[in-house]
Amino acid sequence: MADRVGELQAEILSKSDNPVRIVAVTKGFGVQAVIAANRAGVDDIGENYAQEMVAKKEMLANVNPDSKSRWHFIGNLQRNKVKKISSHVFLWQSVNSIPLGEEIIKRCKEPQLLIQVNMTGAKNQGGLPPSEAPAFVERLRGIDVNVLGLMTIGDHGDREATLKHFQNLRTMANSLDLLECSMGMSNDYDLAIEAGATILRLGTAIFGNRDED
Ligand SMILES: *Cc1c(COP(=O)(O)O)cnc(C)c1O
(Lines give C-alpha, C1' and ligand atoms only; values in the text may rest on other atoms or scores of the structure.)
Protein backbone atom coordinates (compact mmCIF):
# COMPACT_ATOMS: atom_id res chain seq x y z
CA MET A 1 0.00 0.00 0.00
CA ALA A 2 2.84 2.39 0.76
CA ASP A 3 4.04 1.65 -2.78
CA ARG A 4 0.70 2.63 -4.19
CA VAL A 5 0.74 5.93 -2.31
CA GLY A 6 4.28 6.55 -3.49
CA GLU A 7 3.24 5.96 -7.09
CA LEU A 8 0.27 8.28 -6.74
CA GLN A 9 2.46 10.98 -5.25
CA ALA A 10 4.97 10.62 -8.08
CA GLU A 11 2.15 10.88 -10.61
CA ILE A 12 0.83 14.02 -8.92
CA LEU A 13 4.28 15.60 -8.91
CA SER A 14 4.76 14.88 -12.60
CA LYS A 15 1.37 16.22 -13.64
CA SER A 16 0.56 19.11 -11.35
CA ASP A 17 2.03 22.56 -10.95
CA ASN A 18 0.58 23.02 -7.48
CA PRO A 19 0.68 20.97 -4.30
CA VAL A 20 -2.06 18.33 -4.21
CA ARG A 21 -3.13 16.68 -1.00
CA ILE A 22 -4.30 13.07 -0.96
CA VAL A 23 -7.21 12.30 1.34
CA ALA A 24 -7.37 8.55 1.97
CA VAL A 25 -11.04 7.57 1.92
CA THR A 26 -11.43 4.76 4.45
CA LYS A 27 -15.21 4.27 4.33
CA GLY A 28 -16.04 0.59 4.28
CA PHE A 29 -12.55 -0.29 5.49
CA GLY A 30 -11.53 -0.93 9.07
CA VAL A 31 -9.26 1.05 11.32
CA GLN A 32 -6.32 -0.87 9.88
CA ALA A 33 -6.73 1.13 6.69
CA VAL A 34 -6.26 4.35 8.64
CA ILE A 35 -3.16 2.95 10.29
CA ALA A 36 -1.77 1.82 6.95
CA ALA A 37 -2.46 5.24 5.43
CA ASN A 38 -0.70 6.97 8.32
CA ARG A 39 2.24 4.64 7.90
CA ALA A 40 2.42 5.55 4.23
CA GLY A 41 2.55 9.20 5.21
CA VAL A 42 -1.10 10.08 4.60
CA ASP A 43 -2.68 11.72 7.63
CA ASP A 44 -5.74 13.11 5.86
CA ILE A 45 -8.56 10.60 6.23
CA GLY A 46 -11.96 10.85 4.54
CA GLU A 47 -15.18 9.35 5.86
CA ASN A 48 -18.76 9.39 4.53
CA TYR A 49 -20.79 8.33 7.53
CA ALA A 50 -20.95 10.05 10.92
CA GLN A 51 -21.22 6.88 12.97
CA GLU A 52 -18.43 5.11 11.12
CA MET A 53 -16.14 8.10 11.46
CA VAL A 54 -16.60 8.46 15.21
CA ALA A 55 -16.25 4.71 15.82
CA LYS A 56 -13.08 4.49 13.75
CA LYS A 57 -11.56 7.54 15.36
CA GLU A 58 -12.17 6.06 18.81
CA MET A 59 -10.65 2.74 17.80
CA LEU A 60 -7.65 4.54 16.42
CA ALA A 61 -7.20 6.46 19.65
CA ASN A 62 -6.96 3.10 21.42
CA VAL A 63 -4.59 1.29 19.11
CA ASN A 64 -2.53 4.24 17.96
CA PRO A 65 -2.90 7.27 20.21
CA ASP A 66 -0.06 9.03 18.40
CA SER A 67 -1.85 9.07 15.06
CA LYS A 68 -1.90 12.54 13.54
CA SER A 69 -4.95 11.79 11.42
CA ARG A 70 -7.05 14.73 10.31
CA TRP A 71 -10.63 13.73 9.59
CA HIS A 72 -12.40 15.02 6.51
CA PHE A 73 -16.11 14.58 6.28
CA ILE A 74 -17.00 13.89 2.64
CA GLY A 75 -20.46 12.29 2.71
CA ASN A 76 -24.02 13.44 2.64
CA LEU A 77 -24.64 14.54 6.21
CA GLN A 78 -27.96 14.97 7.93
CA ARG A 79 -28.19 18.11 9.96
CA ASN A 80 -29.02 16.23 13.14
CA LYS A 81 -25.66 14.40 12.92
CA VAL A 82 -23.55 17.55 12.87
CA LYS A 83 -23.41 17.88 16.62
CA LYS A 84 -22.22 14.30 17.07
CA ILE A 85 -19.14 14.79 14.93
CA SER A 86 -18.54 18.51 15.33
CA SER A 87 -15.47 18.11 17.51
CA HIS A 88 -13.94 15.45 15.27
CA VAL A 89 -13.94 17.04 11.84
CA PHE A 90 -10.89 18.86 10.51
CA LEU A 91 -12.43 19.84 7.17
CA TRP A 92 -16.11 19.71 6.26
CA GLN A 93 -15.80 18.91 2.57
CA SER A 94 -19.41 18.19 1.73
CA VAL A 95 -21.35 21.26 2.75
CA ASN A 96 -24.03 20.53 0.20
CA SER A 97 -26.86 22.80 1.29
CA ILE A 98 -27.32 26.15 2.95
CA PRO A 99 -29.16 24.70 5.99
CA LEU A 100 -26.33 22.20 6.56
CA GLY A 101 -23.77 24.98 6.35
CA GLU A 102 -25.72 26.99 8.89
CA GLU A 103 -25.95 24.05 11.28
CA ILE A 104 -22.19 23.50 11.09
CA ILE A 105 -21.54 27.15 11.82
CA LYS A 106 -23.88 27.00 14.77
CA ARG A 107 -22.31 23.87 16.26
CA CYS A 108 -18.60 24.38 15.61
CA LYS A 109 -16.29 27.00 16.90
CA GLU A 110 -14.13 27.76 13.90
CA PRO A 111 -15.07 25.31 11.19
CA GLN A 112 -13.10 25.01 8.00
CA LEU A 113 -15.27 24.08 5.09
CA LEU A 114 -15.62 23.44 1.41
CA ILE A 115 -18.86 24.12 -0.41
CA GLN A 116 -19.97 21.12 -2.45
CA VAL A 117 -21.21 22.12 -5.86
CA ASN A 118 -23.28 19.85 -8.07
CA MET A 119 -21.61 20.44 -11.43
CA THR A 120 -23.12 17.42 -13.19
CA GLY A 121 -26.73 18.19 -12.34
CA ALA A 122 -27.25 14.54 -11.41
CA LYS A 123 -30.12 14.20 -8.97
CA ASN A 124 -28.39 11.58 -6.85
CA GLN A 125 -25.43 13.87 -6.27
CA GLY A 126 -25.42 16.43 -3.51
CA GLY A 127 -24.29 19.98 -3.76
CA LEU A 128 -25.48 23.49 -4.34
CA PRO A 129 -26.36 24.34 -7.91
CA PRO A 130 -23.49 26.28 -9.53
CA SER A 131 -25.79 29.29 -9.77
CA GLU A 132 -26.22 29.44 -5.98
CA ALA A 133 -22.77 28.52 -4.72
CA PRO A 134 -20.99 31.88 -5.19
CA ALA A 135 -23.58 33.86 -3.24
CA PHE A 136 -23.43 31.36 -0.38
CA VAL A 137 -19.63 31.56 -0.27
CA GLU A 138 -19.80 35.35 -0.12
CA ARG A 139 -22.41 35.26 2.62
CA LEU A 140 -20.32 32.89 4.75
CA ARG A 141 -17.30 35.08 4.29
CA GLY A 142 -19.37 38.04 5.35
CA ILE A 143 -19.82 36.41 8.74
CA ASP A 144 -16.15 35.36 8.97
CA VAL A 145 -16.58 31.68 8.21
CA ASN A 146 -13.45 30.05 6.88
CA VAL A 147 -14.45 28.77 3.43
CA LEU A 148 -11.33 27.17 2.02
CA GLY A 149 -12.71 26.11 -1.33
CA LEU A 150 -15.11 24.02 -3.36
CA MET A 151 -15.75 20.32 -3.71
CA THR A 152 -17.42 18.30 -6.44
CA ILE A 153 -17.99 14.78 -7.75
CA GLY A 154 -17.43 13.85 -11.38
CA ASP A 155 -19.76 12.33 -13.90
CA HIS A 156 -18.97 8.64 -13.54
CA GLY A 157 -18.61 7.05 -16.91
CA ASP A 158 -18.15 10.23 -18.95
CA ARG A 159 -14.56 11.39 -18.73
CA GLU A 160 -14.91 14.19 -21.22
CA ALA A 161 -17.81 15.72 -19.30
CA THR A 162 -16.00 15.17 -16.03
CA LEU A 163 -12.96 17.12 -17.18
CA LYS A 164 -15.25 20.02 -18.14
CA HIS A 165 -17.00 19.91 -14.76
CA PHE A 166 -13.66 19.92 -12.95
CA GLN A 167 -12.38 22.81 -15.04
CA ASN A 168 -15.56 24.75 -14.36
CA LEU A 169 -15.19 24.17 -10.63
CA ARG A 170 -11.60 25.44 -10.77
CA THR A 171 -12.77 28.53 -12.65
CA MET A 172 -15.49 29.18 -10.09
CA ALA A 173 -13.02 28.76 -7.21
CA ASN A 174 -10.57 31.15 -8.85
CA SER A 175 -13.23 33.75 -9.44
CA LEU A 176 -14.10 33.56 -5.74
CA ASP A 177 -10.44 33.70 -4.71
CA LEU A 178 -10.68 30.24 -3.19
CA LEU A 179 -7.55 28.12 -3.10
CA GLU A 180 -8.89 24.62 -2.57
CA CYS A 181 -10.64 22.39 -5.09
CA SER A 182 -11.47 18.91 -3.85
CA MET A 183 -12.25 16.87 -6.91
CA GLY A 184 -11.22 13.55 -8.31
CA MET A 185 -11.79 10.06 -6.98
CA SER A 186 -10.03 6.83 -7.91
CA ASN A 187 -11.49 6.65 -11.40
CA ASP A 188 -11.00 10.28 -12.42
CA TYR A 189 -8.22 11.74 -10.28
CA ASP A 190 -6.00 12.20 -13.34
CA LEU A 191 -8.59 14.54 -14.84
CA ALA A 192 -8.84 16.39 -11.54
CA ILE A 193 -5.08 16.94 -11.45
CA GLU A 194 -5.22 18.22 -15.02
CA ALA A 195 -7.98 20.66 -14.06
CA GLY A 196 -6.11 22.04 -11.05
CA ALA A 197 -7.33 20.03 -8.07
CA THR A 198 -5.66 20.68 -4.72
CA ILE A 199 -7.30 17.76 -2.92
CA LEU A 200 -7.95 14.23 -4.27
CA ARG A 201 -10.26 11.86 -2.43
CA LEU A 202 -8.95 8.35 -3.01
CA GLY A 203 -10.27 5.08 -1.68
CA THR A 204 -9.96 2.11 -3.99
CA ALA A 205 -6.87 3.53 -5.73
CA ILE A 206 -5.08 3.21 -2.40
CA PHE A 207 -6.77 0.30 -0.63
CA GLY A 208 -8.26 -1.84 -3.41
CA ASN A 209 -11.93 -2.74 -3.74
CA ARG A 210 -14.38 -2.53 -0.88
CA ASP A 211 -16.06 -5.83 -0.12
CA GLU A 212 -19.54 -4.58 0.38
CA ASP A 213 -19.90 -2.42 -2.76
C1 LIG B 1 -16.32 6.97 -1.65
C2 LIG B 1 -15.97 8.37 -2.03
C3 LIG B 1 -14.70 8.69 -2.52
C4 LIG B 1 -13.63 7.66 -2.79
O5 LIG B 1 -14.04 6.83 -3.81
P6 LIG B 1 -13.04 5.80 -4.51
O7 LIG B 1 -13.69 5.48 -5.79
O8 LIG B 1 -12.92 4.64 -3.60
O9 LIG B 1 -11.75 6.50 -4.69
C10 LIG B 1 -14.43 10.02 -2.78
N11 LIG B 1 -15.35 10.98 -2.60
C12 LIG B 1 -16.59 10.71 -2.15
C13 LIG B 1 -17.55 11.82 -1.99
C14 LIG B 1 -16.94 9.40 -1.86
O15 LIG B 1 -18.18 9.14 -1.44
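Scroll up to find the structure.
How each quantity is defined
Residues numbered from 1 in each chain as written. Predicted model: local features only at pLDDT ≥ 70, side-chain atom pairs only at ≥ 80, totals over all residues. Heavy atoms only, no water. Helix = DSSP H or I, 4+ residues; strand = E, 2+ residues; numbered from the N terminus. Buried < 20%, exposed > 50% of the residue type's maximum accessible area, 1.4 Å probe, protein only. Contact = heavy atoms within 4.5 Å. Lys, Arg positive; Asp, Glu negative; His and termini not counted. Charge placed at Lys NZ, Arg CZ, Asp CG, Glu CD. Core = buried A, V, L, I, M, F, W, Y, C linked by side-chain atoms within 4.5 Å. Axes fitted to C-alpha atoms, helices over the stretch in contact; angles between N-to-C directions. Parallel < 35°, antiparallel > 145°, perpendicular 65-115°, else oblique. Left-handed = near helix turned anticlockwise from the far one by under 90°. Nonpolar A, V, L, I, M, F, W, Y, C, P; charged D, E, K, R; others polar. Expected span 1.5 Å × (residues − 1). Polar contact = N/O pair within 3.5 Å; in protein donor to acceptor, adjacent residues only side chain to side chain. Near = heavy atom within 4 Å. Areas by Shrake-Rupley, 256 points an atom, 1.4 Å probe, with all protein chains shown as cover. Phe/Tyr/Trp six-rings, centres within 6.5 Å; stacked < 30°, edge-to-face > 60°.

Things to note about the overall build of the protein chain
Turning to step 1, where the next piece is worked out: The helix and strand tally for the protein chain stands at 9 helices and 8 strands.
Turning to step 2, where the next piece is worked out: With respect to the three principal axes, the spread of C-alpha positions in the protein chain is 45 × 40 × 30 Å.
Turning to step 3, where the next piece is worked out: Of all 213 residues assigned to the protein chain, the portion counted as buried reaches 51%.
Turning to step 4, where the next piece is worked out: In the protein chain, of all internal contacts separated by at least 6 residues, the share reaching a separation of at least 24 is 57%.
Turning to step 5, where the next piece is worked out: Between the mean site of the 24 positive side-chain charges and the mean site of the 27 negative ones, the protein chain shows a separation of 6 Å.

Notes on the environment of Gly184
Turning to step 1, where the next piece is worked out: Secondary-structure assignment places Gly184 in the loop between β7 (180-182) and α8 (189-195).
Turning to step 2, where the next piece is worked out: C-alpha separation for the pair Gly184 and Leu163, spaced 21 residues apart in sequence, amounts to 9.7 Å.
Turning to step 3, where the next piece is worked out: Once residues lying within four places of it in the same chain are set aside, the contact partners of Gly184 are Phe166, Tyr189, Ala192, Leu200 and Arg201.

A word on the nonpolar core
Turning to step 1, where the next piece is worked out: Core analysis: the largest hydrophobic core is formed by 62 residues, its most contacted members being Ile85, Trp92, Leu113, Ile115, Leu150 and Leu200.
Turning to step 2, where the next piece is worked out: Beyond its immediate stretch of four places on either side in the chain, Leu113 contacts Leu91, Trp92, Val95, Ile104, Leu140, Val145, Asn146, Val147, Leu148 and Gly149.
Turning to step 3, where the next piece is worked out: By size, the runner-up hydrophobic cluster in this structure holds 5 residues, among which are Val23, Leu91, Leu114 and Ile199.

A short note on the packing of helix α2 (residues 31-39) against helix α3 (residues 50-63)
Turning to step 1, where the next piece is worked out: Direction vectors running N to C along α2 and α3 enclose 60 degrees, while the axes themselves pass 9 Å from each other. As summarised for this structure, α2 and α3 are arranged oblique, according to the angle between their axes. The handedness of the crossing between α2 and α3 comes out as right-handed. Between α2, through Val31, Val34, Ile35 and Asn38, and α3, the contact on the second element is made entirely by Lys56, Met59, Leu60 and Val63.
Turning to step 2, where the next piece is worked out: Here the contact of α2 with α3 is built from residues that sort into 6 nonpolar, 1 polar and 1 charged.

With respect to the side chain of Gln116
Turning to step 1, where the next piece is worked out: Mapped onto the elements of the fold, Gln116 is located in strand β5 (residues 112-116).
Turning to step 2, where the next piece is worked out: Take Gln116: its relative accessible area is 4%, and that puts it in the buried class.
Turning to step 3, where the next piece is worked out: When sequence neighbours within four positions are dropped, the list of residues in contact with Gln116 reads Gln93, Ser94, Val95, Asn96, Gly126, Gly127, Leu128, Met151 and Ile153.

Examining helix α7 (residues 159-175)
Turning to step 1, where the next piece is worked out: Along its 17 residues, α7 runs 24 Å from first to last C-alpha, staying within 8% of the 24 Å computed at 1.5 Å per residue.
Turning to step 2, where the next piece is worked out: Those residues of α7 not exposed but buried are Ala161, Thr162, Leu163, His165, Phe166, Leu169, Arg170, Met172 and Ala173.
Turning to step 3, where the next piece is worked out: A distance of 3.3 Å separates the backbone nitrogen of Glu160 from a side-chain oxygen at the start of α7, and that oxygen is part of Asp158.
Turning to step 4, where the next piece is worked out: Downstream of α7 by a residue or two, Asp177 has a phi angle that is positive, lying close to 60 degrees.

Considering the site of the ligand
Turning to step 1, where the next piece is worked out: Neighbouring residues of the ligand: Val25, Lys27, Asn48, Ile74, Ile153, Met185, Ser186, Arg201, Leu202, Gly203, Thr204 and Arg210.
Turning to step 2, where the next piece is worked out: In this structure, Asn48 approaches the ligand through a side-chain N or O atom, which is 2.7 Å from an oxygen atom.
Turning to step 3, where the next piece is worked out: Within the backbone of Thr204, an N or O atom sits 2.8 Å from an oxygen atom of the ligand.
Turning to step 4, where the next piece is worked out: About the coverage of the ligand: the protein hides 88% of its 380 Å² of free accessible area.

Some details on the packing of aromatic side chains
Remark: the centre distance and the inter-plane angle together describe each pair of aromatic rings, the angle taken between the planes.
Turning to step 1, where the next piece is worked out: Summed over the entire model, instances satisfying the criterion amount to 1 aromatic pair.
Turning to step 2, where the next piece is worked out: Seen from their ring centres, Phe29 and Phe207 are 5.2 Å apart, and the 50 degrees between their planes marks the pair as tilted. Of this pair, Phe29 sits in the loop between β1 (21-25) and α2 while Phe207 sits in helix α9 (residues 204-207); the two residues are 178 residues apart in sequence, bridging distant segments of the chain.
Turning to step 3, where the next piece is worked out: Classification of Phe29 by relative accessible area gives buried; the value is 15%.
Turning to step 4, where the next piece is worked out: Judged by its relative accessible area of 18%, Phe207 falls in the buried class.

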